[in-house]
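# Notes for the structure review
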Amino acid sequence: MSSHGTGSTGAASAAHSSAPAPASSAKAGLGELAKSYSPKETESAVGEVWRSANAFRAEPAGIGPRGNAEPYCIFIPPPNVTAALHLGHALNNTLQDVLTRAHRMMGQNTLWMPGTDHAGIATQTVVEKRLLQQGKRRTDFTREEFIAKVQEWKDEYEATIISQLEAMGSSCDFSRTRFTMDPVCAAAVREAFFRLFKDGLIYRGYRLVNWDPVSRTALADDEVEMEEVKGHMWYLRYPLEDGSGHVTVATTRPETMLGDSAVAMNPKDPRAAALRGKRVKLPIVGRVIPIVEDDYVVLPAELAQQVGADASDPKAAFATGFLKVTPAHDPNDWEIGQRHGLKAINVMAEDATISDRHGWEDVSDEARAFLGLSREEARKRIVQWFRDAGLLEKAREYDHSVGHSYRSHVPIEPYLSEQWYVKVTDDRLAGAAIRAMAPDQVDGAPAALQRGGPASGDGELRFWPERYAKTFQMWHENIRDWCISRQLWWGHRIPVWVAPESAAQHAVLAPFVKSGRVSEMVHSGKRFVCVRREGDREAIQSLEANGFTQDSDVLDTWFSSALWPLSTLGWPDPAAAGLEPNLLATFNPSDVLCTAREIITLWVSRMVMFNRYFTPDHHLPFRDVFIHAMIQDGYGQKMSKSLGNGVDPRDIIHSHGADAMRFTLVQMTTNTQDVRMPVDMIDPHSGEVFAPATIRTSAGHTVADATQVSPKDPSKRMVSGYGFASGVATPTDAMPLARNTSSKFDLGRNFCNKLWNATRFALSNLSAGVGDPVPVSELPLVDRWIIARLHRTMHTVEDALASYRFNEYAEALYDFVWRDFCDWYLEAIKPTVKQDARQRRTLRTVLDASLRMLHPICPFVTETLWPHVQATGEAGLPGIKLPPSATLALADWPSIACSVEDESAAALFERTQAIVNAIRNKRGERQVQPKKRIRLQAPSEILALVQASEGIVESLCGLESVGELVPGSAPPADGVPFAFEGREVVLSGLVDAVDVGAERIRLEKTIADRERQISGFRGKLDNAGYIAKAKPELVEETKAKLAEAEADLAAARRLLAALA
RNA sequence: GGGCGCUUAGCUCAGCGGCAAGAGCACCGCGAUUACACCGCGGUGGUCACAGGUUCGAAUCCUGUAGCGCUCACCA
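On a predicted model such as this, the values are computed, not experimentally measured, just so you know. (Residues numbered from 1 in each chain as written. Chains lettered and ligands numbered in written order. Predicted model: local features only at pLDDT ≥ 70, side-chain atom pairs only at ≥ 80, totals over all residues. Heavy atoms only, no water.)

### Brief notes about the overall build of chain A
Tallying secondary structure elements over chain A gives 35 helices and 39 strands in all. Considering only C-alpha atoms, chain A reaches an extent of 120 × 70 × 70 Å along its principal axes. Residue pairs in contact within chain A that sit at least 24 positions apart in sequence constitute 75% of those at least 6 positions apart. For chain A, the computed accessible surface area is about 44,200 Å², with 51% contributed by carbon and sulfur atoms. Counting 119 positive and 135 negative side-chain charges, chain A places the centres of these two groups 1 Å from one another. (Helix = DSSP H or I, 4+ residues; strand = E, 2+ residues; numbered from the N terminus. Contact = heavy atoms within 4.5 Å. Areas by Shrake-Rupley, 256 points an atom, 1.4 Å probe, with all protein chains shown as cover. Lys, Arg positive; Asp, Glu negative; His and termini not counted. Charge placed at Lys NZ, Arg CZ, Asp CG, Glu CD.)

Below, the structure written as structure tokens:
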């Protein structure tokens, strides 16, 4: 089919020869472009063109050729280094690149800041998993040794990710690439922590956290996954202390009863009066605990109705009205405990085994038997104990959802511990985030908006699509303080040193505090000292000499991510970080953040809070937030690194090319929430595409089986992407890794090929020279029409881009290039362009402008074609400016004046298209061979239209003659009549003999269609409400349509009569 | 339970108050014509999930129902 692999006359040689200086050295000519676009052979050369032109380097204000231009900046959502990028990232980054490239071409000083995220818990987990496969554990190494291993992993995947971004054509300023744990970012983290600590916004909190008993670390709320679990509801009897009876509590977690410190009941409960002041003797433990009254307790349905309380609470269905209160092991119980001054008795160790060493003191002999048991085992034995003691009232099956660690997948234990918190509930953080919202996107009474005065950034944050503003608002209205300490090794170590409080510390600390090098606080008998600078050895040595030790925990990853728009630009001091002093001021605030919706709470929120808090004028990190769709696999599951169902963009680049991938992704970016991407596999043994065999994981996900059998040869096998990502299967020479693909990308591939061939055709004509510019009014009709279409397309594209309607951008160009330019313009000019230099000027100009507008979506193919097109001579017409440029990536966006749009020419050409379509339709209906010439006879009004088309109707319809149809004269014997614009028109020479019966059926169908239309239009026009209330233009339009339909109907009836 | 979204041609999706509802793929017919078979020309195919309502006019707005998906919170 093409010259793949020959390299002799193909695109590869053309691109390679032009790579060092594409525009100047390229000699355009048909022979240089292969018959079809072969991305593999050109993409790397194009990448080299951009690299050698330093095309994506951004400089701060005042420096470089764009130093005085308005800045445009996007911060990449830093991909985490746990794994390679998948198609979700490809979508995310393609959209950012489209914006970046378009704004660069529009002349702005444009920075797309790239980098990666260390993803503390996730990365540590994948490395630990790999070590486990080698039979080793984290604790077999020192902290430093282990971190070095994680670092190795990070280096490998960081390089992979950057190379994936480059392969996709991402126009990031790679010279500024950052990593959230590099020294520049680490300095920002240190300063931010210090300031928050000093300002009282970081504090030590002793409370229940989400505890992962396997990983033995605290987790943030958003790191907990809810999973449906089949369990039981146990009804336990607790005897009253005075022996007068018992109360029954319902619980799913009987093992926590060892730590109960009260039983609660609702004060409205009819039984409350009798029980008020009584106490309960806790079985097994023997602890005597009070019965407290609290509104939180739900009454059982029957009682609720009796006292007129709300019985609709789902809990009412199984509640007993008595609630065991275990403050140390349940968040709600903790709240009740706080309200009633109850003790929190922690009965578990850090691994969630029953323990008497973490706050449980009154262990009875009977209870001692349960020490050391796991949660699950303790539950069984305690239930058995109650059953044996006759205190188990009943048990029933009960399904409920339980929080699980997204890391180890075991149930989370609400666990009492002391952690570091950021007080995000403070108005300076959450309040500032809500005040940032654009007022028209804030839901409900803007109470929050009224709290603060207008600061810069207030009211400026806008979500696209706007429905996501609600997510942002609700998150901040219900926000809870943020637990930021993690008991991990991989991450930013918390810069706090601690020692038991003592008077002697003052003398040591005073000078450091005074000079602002440290900040201190005292909490529960300990002194905590935050050291501002990592390099402050003097302060650290002094602290350590006085018995202080550094907190061994690290910070939540999102703490450093939250600083990304600041840290990447060198905050707090770019110069000290070795960067340009005004880098930060130039590019923060940035313009838009592109991300997925689950990131709104995790990251967008925190960036907004931190950027506003840390900048003196409280400005935003970005003004717009664009939320794009989530890419799902063919089974409706989110593509994710952890599930391993992601498709590597390099696979799609391999099968379809980077531009095809990009175009397709942009084209599918509507404002929907999810897009499905059915994934096929390519057999590495045969190259055949097939649907992979799937399995269901224990968690219920459908994924490609880890190994697959070759569809061609059952003796051969391969490893799937899932098999590789999950570590289940390792590719070998005999069992290689299979690439994925998806036929979805055919759309983009076909389009790129179409553009390639249209350009090839244009080049073959342009070699005759492009002529001097002439006013648009002097050009042939079809030229004036295509220029009008070009102008309108440019506006559609610009409007779409300005409001992030990416699919409209792609579709406007798809239709313009394929439908208007290829199907109509190129076909129409074929007979004339070789002789008409004016027309070649139009062709040159339209092609040039099209490549420019398409470049942000398809940078590789457009840049490859660019030097060939540039070499044909000057582009542009009066009103259309297309200044030359060596590289397309740095070329100007087209400038097209509205005055070039000739509306009457456009309208006339649209009538031309209509008659061409009508004639083609008649040919098609009769299966006339394309080569066969036919004759047209039409009344003078229609003949005038045909003549005005300047030969286009004749050439596009294969007409050998056009003649006047005199009214009343007999039509030719082989005449095929039809109605056009209410006139009778006859085609002849289509067939040897007219099939009168078939002709009658066609005419009768036309008559029926028109009659239906006419009755529709008349219905509207007879409706007084329509005449009175609809827009006048619309009424006029309807009248015109009615008239035309009536004329067509009359013509068809006359034709039918003549046929008989 | 709260929030968000989806349900339009066989498939994947646009359209979100006003032409006789669109695209790509698939399908059917004609076609190796000096850009392109990753192609050209023509065609088939839809009571726009269902039920009410608002309106001169509803796929489009409102209410309700059903199914699907995501997300947050929570269950003793």
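### Overview of the packing of aromatic side chains
Tallied over the entire structure, the rule returns 33 aromatic pairs. Ring geometry for W50 and F56: centres 5.7 Å apart, planes at 55°, overall tilted. In this pair, the class of W50 matches that of F56, namely buried. Chaining the aromatic ring pairs together yields one cluster made of F193, F197, W420, W482, F528, F559, W571, F610, Y613 and F614. Against the face of Y421 rests R207, its NZ or CZ located 4.3 Å from the ring centre. One residue, R920, lies across the ring of W824, its end atom 5.4 Å from the ring centre. (Phe/Tyr/Trp six-rings, centres within 6.5 Å; stacked < 30°, edge-to-face > 60°. Buried < 20%, exposed > 50% of the residue type's maximum accessible area, 1.4 Å probe, protein only. Lys NZ or Arg CZ within 6 Å of the ring centre and 35° of its normal.)

### Topic: the pattern of salt bridges
For the structure on display, the rule yields 73 salt bridges. With a shortest N-O distance of 3.2 Å, K154 and E158 are connected by a salt bridge. Taken together, the residues K154 and E158, both in helix α6 (residues 143-168) and 4 residues apart, mark about one turn of the helix. D848 is paired through a salt bridge with R844; the nearest N and O atoms lie 2.9 Å apart. Taken together, the positions of D848 and R844, both in helix α28 (residues 837-854) and 4 residues apart, correspond to about one turn of that helix. This pair shows no difference in class: D848 is buried, exactly as R844 is. Ionic contacts of the salt-bridge type, sharing partners, join the residues R253, E255, R375, E376, R379 and E413 into one network. (Salt bridge = Lys/Arg side-chain N within 4 Å of Asp/Glu carboxyl O.)

### Digging into the nonpolar core
The nonpolar side chains of a soluble globular protein tend to be buried, and buried together. Among the nonpolar cores identified, the biggest contains 202 residues, and L87, F193 and F559 are the most heavily contacted of them. In contact with F559, not counting residues within four places along its chain, are V189, A192, F193, L196, V422, W482, I484 and F610. Among the nonpolar cores identified, the runner-up in size contains 43 residues, and L282, I284, L373 and W385 belong to it. (Core = buried A, V, L, I, M, F, W, Y, C linked by side-chain atoms within 4.5 Å.)

### Describing the sheet that holds strand β23 (residues 590-596)
Spatial ordering of the open sheet is given by β15-β24-β23, a layout of 3 strands whose pairing is parallel. For this open sheet the edge positions go to β15 (462-464) and β23, each flanked by a neighbour on one side alone. Each neighbouring strand pair of the sheet contributes to a mean axis angle of 20°, computed without reference to strand direction. (Pairing = 2+ DSSP bridges. Axes fitted to C-alpha atoms, helices over the stretch in contact; angles between N-to-C directions.)

### Some words on the protein's contact with RNA strand B
Close contacts around RNA strand B come from 71 residues, with M233, N332, Q1013, N1023 and K1029 the closest. Among atoms of RNA strand B positioned within 4 Å of the protein, sugar and phosphate together represent 59%. Within the backbone of R676, one N or O atom sits 3.5 Å away from a phosphate oxygen of RNA strand B. At 9 residues, the largest contribution of residues to the surface near RNA strand B is made by helix α25 (residues 746-766). A per-class count over the surface near RNA strand B returns 24 nonpolar, 22 polar and 25 charged. (Near = heavy atom within 4 Å. Polar contact = N/O pair within 3.5 Å; in protein donor to acceptor, adjacent residues only side chain to side chain. Nonpolar A, V, L, I, M, F, W, Y, C, P; charged D, E, K, R; others polar.)

### Looking at the side chain of H86
For H86, the location among the structural elements is in the loop between β1 (71-75) and α4 (87-105). Using a relative accessible area of 9% as the deciding quantity, one classes H86 as buried. Of the polar contacts made by the side chain of H86, one reaches the backbone nitrogen of G88; its length is 2.9 Å. Once you skip the residues sitting within four places of it in the chain, H86 turns out to touch M639, S640, K641, G646, V647 and P649.

### So, the domain arrangement of chain A
How big an interface is tends to be expressed through the accessible area that disappears when the partners come together. Taken domain by domain, chain A comprises domain 1 (11-54 + 746-901), domain 2 (69-200 + 432-479 + 552-647), domain 3 (217-418), domain 4 (498-550) and domain 5 (933-1059). Domain 1 and domain 2 are separated by 36 Å when their C-alpha centres are compared. Together, the buried faces of domain 1 and domain 2 total about 1,600 Å²; carbon and sulfur atoms form 73% of this surface. On the domain 1 side of the contact with domain 2, Y804, F806 and P856 bury the most area, a combined 41% of that side's loss. Where domain 1 meets domain 2, there are 1 salt bridge. A salt bridge links E166 to R51; the nearest nitrogen and oxygen atoms lie 3.2 Å apart. (Domains from an automatic or database assignment. Buried area = accessible area lost by both parts, 1.4 Å probe.)

### Side note on the sheet that holds strand β38 (residues 976-980)
Strand order in the open sheet formed by 4 strands is β37-β36-β39-β38, and the pairing between neighbours is mixed. Pairing within the sheet leaves two strands with one partner each, and these edge strands are β37 (959-964) and β38. When the angles between neighbouring strand axes are averaged without regard to direction, this sheet yields 25°. The strands that helix α31 (residues 940-948) touches are β36 (934-938), β37, β38 and β39 (983-988); relative to β37, the one it contacts most, it runs at about 140°.

### Looking at the side chain of N346
Topologically, N346 is positioned in the loop between α10 (331-340) and α11 (365-368). Reaching out from N346, the side chain makes a polar contact with the side chain of H329 at a distance of 3.2 Å. At a separation of 3.4 Å, a polar atom in the side chain of N346 contacts the main-chain carbonyl oxygen of H358. Contacts of N346, omitting those with residues within four sequence positions, involve A328, H329, S355, H358, G359, W360, Y415 and L416.

### Overview of the environment of P692
When you line up the elements, P692 lands in the loop between β28 (689-690) and β29 (694-696). Measuring from C-alpha to C-alpha, the distance between P692 and N740 comes to 9.5 Å, with 48 residues separating the pair along the chain. When residues no more than four places from it in sequence are discounted, the contact partners of P692 are V679, D680, M681, A704 and Q708.

### Structural notes on the packing of helix α26 (residues 781-802) against helix α30 (residues 903-925)
α30 packs onto α26 with a crossing angle of 110° between their chain directions and a minimal axis gap of 8 Å. Comparing the axis directions of α26 and α30 gives the class roughly perpendicular. Each of L781, V782, R784, W785, A788 and R792 in α26 lies in contact with α30, whose residues at this interface are A905, A906, L908, F909, E910, T912 and Q913. Of the residues assigned to the contact of α26 with α30, the class counts are 8 nonpolar, 2 polar and 3 charged. (Parallel < 35°, antiparallel > 145°, perpendicular 65-115°, else oblique.)

### What to know about the pairing of strand β11 (residues 288-293)
One ladder, built from 3 bridges, connects strand β9 (residues 262-265) with β11; its direction is parallel. When the sheet's bridge partners are listed, A264 is paired in β11 with V292. Between strand β10 (residues 279-281) and β11, which pair antiparallel one after the other, the connecting turn spans 6 residues, and I284 there sits at a positive phi close to 65°.

### Section: the confidence of the model for chain A
Across chain A, pLDDT averages 88, with 95% of residues at or above 70. A low-confidence stretch, residues 1-31 (pLDDT under 50), is modelled with 46 contacts involving residues beyond four sequence positions or located in other chains. Scored below 50 in pLDDT, residues 446-452 makes 11 contacts in the model with residues more than four places away or belonging to other chains. (pLDDT = per-residue confidence, 0-100.)

### Quick word on the state of the cysteines
Enumeration over the complete set of coordinates arrives at 0 disulfides. Between C172, a cysteine without a disulfide, and C73, which holds the nearest cysteine sulfur, the sulfur-to-sulfur distance is 11 Å. Judged by relative accessible area, which is 1%, C172 ranks as buried. Between C185, a cysteine without a disulfide, and C73, which holds the nearest cysteine sulfur, the sulfur-to-sulfur distance is 14 Å. (Disulfide = S-S within 2.5 Å.)

### What to know about the packing of helix α23 (residues 658-667) against helix α27 (residues 806-829)
Between α23 and α27, the shortest axis-to-axis distance is 7 Å and the interhelical angle comes to 120°. Here α27 runs oblique to α23, going by the angle between their axes. Across from F663, V666 and Q667 in α23, the residues of α27 making contact are F806, N807, A810, E811 and Y814. Across the contact of α23 with α27, the residue classes tally to 5 nonpolar, 2 polar and 1 charged.

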